[in-house]
Structures are given as structure tokens and as C-alpha cells.
Amino acid sequence: MDRRRRSDGSLWHKWDLHVHTPASIVHSYPGDDDEAWEAFLCDIENLPADYKVIGINDYLFIDGYEKIVSKVDEGRLANIAMFLPVIELRLNVFGGTD
């Protein structure tokens, strides 16, 4: 993304910071691992052009994020400017509550 001052005002992009990959403990991609990953990659590559940042929000691990980075290095997912690692934790007890 160009960080220089724009003469035509602000430039707005969509960010989605809660995307689960097939590496997540919970996801909805069908098929075996290869089929699930190909469906996921195609879904990301077919997002509208205004999506520029995706947070890979898998449970407990960054394996999905690491696979995304390797796919970017292979030339996939060029439509997204940045992927961020996000780790989702689930707690069944919150401190100080019943």
C-alpha cells in the first residue's frame, strides 16, 4: 500500500481479521486436506478487490498462517496486501466470575 499523502483524500480498504483456515480446529471446508486448502485459497483469491488485509484467526496455533505465508511465497493470494497471524483462545472459565 502506498503510504504517501494522497491528494484525493483517504483510501479505504476492507479488513477481515477473523478468518479460519483449514488448519483451524474448527472450519467449514469439506473434503480432504488438499481439497479444503484449495477451496480456501480460491475463496480468498476471489474476494472483491476492496479486501486488502486478512487476519488468519485459527484456534491455538499459527499453522494456517504459516501455510498462507508459504502460498504467498509461491505466488498465490496476490490480491491481498497483508496477512496477519491471530490466535483465538476459548476459555470455559473467566477469572473473577462464577
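The coordinates are above.
Basis of the calculations
Residues numbered from 1 in each chain as written. Predicted model: local features only at pLDDT ≥ 70, side-chain atom pairs only at ≥ 80, totals over all residues. Heavy atoms only, no water. Helix = DSSP H or I, 4+ residues; strand = E, 2+ residues; numbered from the N terminus. Buried < 20%, exposed > 50% of the residue type's maximum accessible area, 1.4 Å probe, protein only. Contact = heavy atoms within 4.5 Å. Expected span 1.5 Å × (residues − 1). Arc of directions from axis to C-beta. Polar contact = N/O pair within 3.5 Å; in protein donor to acceptor, adjacent residues only side chain to side chain.

Draft legend 1. Focus on unusual backbone geometry. Phi at Leu 60 is positive, roughly 70°, even though this residue is not glycine. Examined against the element boundaries, Leu 60 turns out to sit in the loop between strand E2 (51-59) and helix H2 (63-73). Here Leu 77, not a glycine, exhibits a phi torsion of approximately 60°, which is positive. In this fold, Leu 77 is placed in the loop between H2 and strand E3 (82-88).

Draft legend 2. Main features of the environment of Tyr 59. Here Tyr 59 shows up in strand E2. We classify Tyr 59 as buried; its relative accessible area is 10%. Separated by 27 residues in sequence, Tyr 59 and Val 86 place their C-alpha atoms 8.6 Å apart. Not counting chain neighbours up to four residues away, the residues in contact with Tyr 59 comprise His 20, Ser 24, Ile 25, Val 26, Glu 88 and Arg 90.

Draft legend 3. Representation of helix H1 (residues 33-45) within the structure. Along its 13 residues, H1 runs 18 Å from first to last C-alpha, staying within 8% of the 18 Å computed at 1.5 Å per residue. Within H1, burial applies to Ala 36, Trp 37, Phe 40, Leu 41 and Ile 44. Projected down its long axis, H1 shows its buried positions confined to an angular sector of 130°, all on one face. In this structure, the buried residues of H1 make contact with strand E1 (14-19), E2, H2 and E3. At the N-terminal boundary of H1, the capping side chain belongs to Asp 32, with an oxygen 3.2 Å from the backbone nitrogen of Asp 34.

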